[in-house]
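Report on the structure
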Amino acid sequence: MTGAADGLTLTDVCILLNDKPLVHVSAHVKPGDVLTIMGPSGSGKSTLLAYIGGFLDKAFSGMGSVQLNGVSIEHMPAQTRQVGILFQDPLLFPHMSVGQNLLFAIPAEQKGSDIRRGMAEEALKEVGLEGLFDRDPATLSGGQKARVALIRVLLSSPKALLLDEPFSKLDADRRSSIRKIVFDLAKARNLPVLLVTHDTDDADAAGGSVIMPLETRST
Amino acid sequence: MLKHIPALTLFILIGPVLAGLLGALLPAFGILPTLGGTEATVAYFAEVLTTPGVMRSSCISLLVGLLTTAISLSIVMTLIAGWQGTRFFKALQSLLSPLLSVPHAAAAFGLAFLIAPSGWLMRLFSPWATGLSRPPDWLIVNDPMALSMMAGLIAKEVPFLLLVALAALPQSDARQKANLASTLGYGPIAGFYKTTFPLVYRQIRLPVLAVLAYATSVVDVAIILGPTTPPPLSVRLLQWMNDPEITERFKASAGAQLQLCVTACALVVWLLSERVIRQFGFKSVVKGKRHFADETIRKTIALLAILSSAMVLAGIATLGIWSFAGFWRFPNALPNSFTLDIWARQGMGLETPMQNTLLIGITATLIAVTLTLACLEQEARSGKTATSRALLLLYVPLIVPQVSFLFGLEILALQLGGKAHITSVVLTHVIFVLPYAYLSLADPWRAWDKRYAAVAFGMGHGPNTVFWRVRVPMLLSAILTASAVGFAVSIGQYLATLLIGGGRFPTITTEAVALASGGDRRVIGVYALIQALLPFIGFGLALFVPAILYRNRRALKATA
């Protein structure tokens, strides 16, 4: 049951720095699809995700409409948008165990500590990290951290997923396997995914359409 | 609510300073109805200015301020120039940073016990080196040239300026500049002064001015180490303020204005010197001279730094020895016997000061750290960083002479007729605790990776959850360190407790300084030792609580 409005729709979204446009995008991402936004590092791609997520730095200004499943979210506070994000770094909360990181993400509506714990354990199993519930995140390998970060954002039941170069800090052999897990799990949950990257391999693996919406100025 | 906290905080900081300045201004011109002063007059200024020796007192204050600041700054800058990045520098840093938390009065007592004619140094070298079997009749402590007072101040200001300078180094690209200068053939000292100093100085200018203002108006160190015939201006002011003859308050008010002038004068001289040195510096930079006798200077400065920190440490050790000393005949290096008698005898008397110290210190720190956190959180939520002008306001209570505005506050309280209340004492401590707590916490708070907040928002958590469950726990170590800094500042307050409390709330510090004139070294030893050690309890907690709480969290241990 997917209507035309389902998914993530950007209409004339523009990010400005000192009144100069950095990015200008109109696009629609259907549930289960990945849209890749390509551009060199430091070109302002991340600010687009920050605008959609609702945490754009005050130095920038953004405009344009962002609709998620037909609802305009660009004026909502970040915490009510239900837009999950993965960054380059896993950003696991260092003061919590792996399991606490996951429990922190599971929505409060999900009651019962046994059920919540069960969900977390199940998610760990899904990405091959059984038994790591009580571990200190700092003791995990890079690939393990990336997988915990992924299931953490998915456990928070987002309605869309933003990926901010999430594979660029992984070494080459881990990279493709993590990439596959991310896209597979997002697809399985029927999430619209917006990926920004400077790496064409990422774009190829994502399989969706690719746009390069960046204002290119030869300054 | 949170929106108004920065304004409230500024009001708590600046309000009392302005009120205090005003409170002493009118009585200085004879207007203080409660004491029968209704007509404006300049008679009290005339009275102050014609008091014998008042000019000399003012000059002492002025010169002590300028000299200690210039010498402390030179030591710190040259130390960084010659030794940054070396193992010796790291060792020195870990030696100096605990000294930062030792209250001025305790350090001053320690120094006094060390260098007095019958002090520990003389005992160590007698009679085998000096040939003395009785303490010589020299005026070392309280010398008329204020040398020992300046030594005490320098020993305390060097760790402070070193800390603020170290925080400024990374932003000045100090290491790259040092490397670049050395490839051009510059010695480390010449290279540093020509390439890095102007940048570092610009960043630490406010703390330097605070040191300058403090040294021109300090009271406790002046009572303990300063000259007595006549004493520095601030000490004479305190004598007038505490005079049982209540009309002396008019004279004290006029004196408070003189103190303001002296401090302002020191600031003006300093700011003018900045310009002169700037001009001179520009000329020197382009001349291309590569060396300023770098090796000799490097070694001398290292020696000086070691000496000044060793002095404070040995001083505190001396306090400890005296507090346990039985009979101790000159020139024996150690007492004939050790005893707990002094501590046992002081035990009962210590109770109230100790309670007051902890109560005031803990409450003031809690208030200051809460306000600091609220300001920083408001800044994070609104996305507006505090401007440099707002930061300047943070330094107002540190630059306006305490003795002037605290006295004004006391007079205001007198007019309102209320009895001194411990709440006023606590709030006055907050004025001095808050700037240090804020300065200590602001950098780590802002350095926190905001993407953690973005991740949590994406999970549906609001700003309050992010604050309490993510940011505060992650920055716990920094918050506790800022609290320890604040607690140490509160422990060190002398005037704020004495004047605002009207003498009704004795603390360890006010008791210790009050004992200075009596000269019972054993009792002073007890009080000053407690005073020196109390701040370390705070720093100990700041170190151990996160270590225990996060014993299984490697990422947080590394930053602690």
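For the structure itself, consult the block above.
The sections below set out a description of the structure shown in this document. All values derive from a computational prediction rather than experimental measurement.

1. Comments concerning the sheet that holds strand β5 (residues 71-72) of chain A
Residue and element names in this part refer to chain A. Taken together, 4 strands build an open sheet; the order of strands is β2-β1-β4-β5 and the sheet is antiparallel. The strands lining the two open edges of the sheet, one partner per strand, are β2 (20-29) and β5. Relative to β2, strand β1 (residues 8-17) is paired through 8 bridges, and the arrangement is antiparallel. Within the sheet, the bridge partner assigned to C14 lies in β2 and is H24.

2. Remarks on the environment of D134(A)
Structurally, D134(A) is set in the loop between α3 (113-126) and α4 (142-155). It is 9.2 Å that separates the C-alpha atoms of D134(A) and M96(A), two residues lying 38 residues apart in sequence.

3. Re the interface of chain A and chain B
In this assembly, 23 residues from chain A lie in contact with 21 residues from chain B. Looking at the side of chain A that touches chain B, the element that brings in the most residues is strand β6 (residues 83-86) of chain A, giving 3 residues. Its residues assigned to classes, the side of chain A that touches chain B comprises 13 nonpolar, 8 polar and 2 charged.

4. Brief notes about the nonpolar core
Grouped together as the largest cluster of nonpolar side chains are 224 residues, with contacts concentrated most on F109(B) and L111(B). Leave out the neighbours within four places in its chain, and F109(B) touches I224(B), L319(B), A512(B), I524(B) and A528(B).

5. What to know about α4(A)
Residues and elements named next belong to chain A. The terminal C-alpha atoms of α4 lie 20 Å apart, and with 14 residues this matches the ideal 20 Å at 1.5 Å per residue to within 8%. With respect to burial, α4 is a largely interior element, 13 of its 14 residues being buried. Once α4 ends, the next one or two residues include S157, with phi positive near 50 degrees.

6. A look at the pairing of strand β3 (residues 34-38) of chain A
All names here are of chain A. Counting buried positions over the 5 residues of β3 gives 4, a clear majority of the element. Relative to strand β8 (residues 193-197), β3 is paired through 5 bridges, and the arrangement is parallel. The residue bridging L35 from the neighbouring strand is L194, located in β8. Where β3 and strand β9 (residues 209-211) come together, 3 bridges link them in parallel fashion. Paired with L35 across the two strands is S209, which belongs to β9.

7. As for the sheet that holds β9(A)
Residues and elements named next belong to chain A. A sheet is described by the order of its strands in space; here 5 strands give the open sequence β6-β7-β8-β3-β9, paired in parallel fashion. Edge positions in the open sheet fall to β6 and β9, since each of these has one partner strand only. Sheet twist, expressed as the average angle between the axes of neighbouring strands with direction ignored, equals 20 degrees. Running over the sheet, α4 touches β6 and β7 (160-164) and is turned about 175 degrees from β6.

8. Concerning the packing of helix α10 (residues 197-217) of chain B against helix α13 (residues 248-285) of chain B
Residue and element names in this part refer to chain B. The N-to-C vectors of α10 and α13 enclose an angle of 140 degrees; their axes lie 9 Å apart at closest approach. Regarding α10 and α13, the two cross each other, and that crossing is right-handed. Facing α10, whose interface residues are L209, L212, A213, T216 and S217, α13 presents Q259, V262, T263, A266, L267 and W270. Taken together, the residues of the contact of α10 with α13 sort by class into 7 nonpolar, 4 polar and no charged.

9. Some details on unusual backbone geometry
Note that the residue after T229(B), namely P230(B), is joined by a cis bond; omega there is -5 degrees. Relative to the elements of secondary structure, P230(B) occurs in the loop between α11 (220-225) and α12 (233-241). Cis geometry marks the peptide bond from F330(B) to P331(B), where omega comes out at 0 degrees. Assignment of secondary structure puts P331(B) in the loop between α14 (294-323) and α15 (341-382). Despite not being glycine, Q82(A) has its phi angle at roughly 60 degrees, a positive value. Structurally, Q82(A) is set in the loop between β5 and β6. Assessed through the 19 C-beta atoms surrounding it within 10 Å, Q82(A) is described here as partly exposed.

Parameters at a glance
Position numbers for residues count from 1 along each chain, tracking the sequence in the order it is written. Whichever chain is written first is A, and whichever ligand is written first is 1; the rest continue in order. Given that the model is predicted, a residue must reach a pLDDT of at least 70 before its local features are reported, and side-chain atom pairs must reach 80 or more before they are shown or counted; all residues, however, enter totals for whole chains, interfaces and linings. Two strands pair if DSSP finds at least two bridges between them. Put simply, DSSP marks the helices as runs of H or I at least four residues long and the strands as runs of E at least two long, and each gets a number from the N terminus on. By definition, residues are in contact whenever their C-beta atoms, placed on the basis of the backbone, come within 7 Å of each other. We call Asp, Glu, Lys and Arg charged. Ala, Val, Leu, Ile, Met, Phe, Trp, Tyr, Cys and Pro are nonpolar, and the rest, Gly among them, are polar. One nonpolar core equals one set of buried Ala, Val, Leu, Ile, Met, Phe, Trp, Tyr and Cys residues connected by C-beta atoms within 7 Å. Backbone-placed C-beta atoms define the burial measure: a residue is buried with 20 or more other C-beta atoms within 10 Å of its own, exposed with 12 or fewer, and partly exposed in between. Every helix has an expected span of 1.5 Å times one less than the residues it contains. Axis angles are defined between N-to-C directions and span 0 to 180 degrees, where every axis is a line fitted to C-alpha atoms and, for a helix, only to the segment in contact. By definition, turning the near helix anticlockwise from the far helix through less than a right angle yields a left-handed crossing, and turning it clockwise yields a right-handed one.

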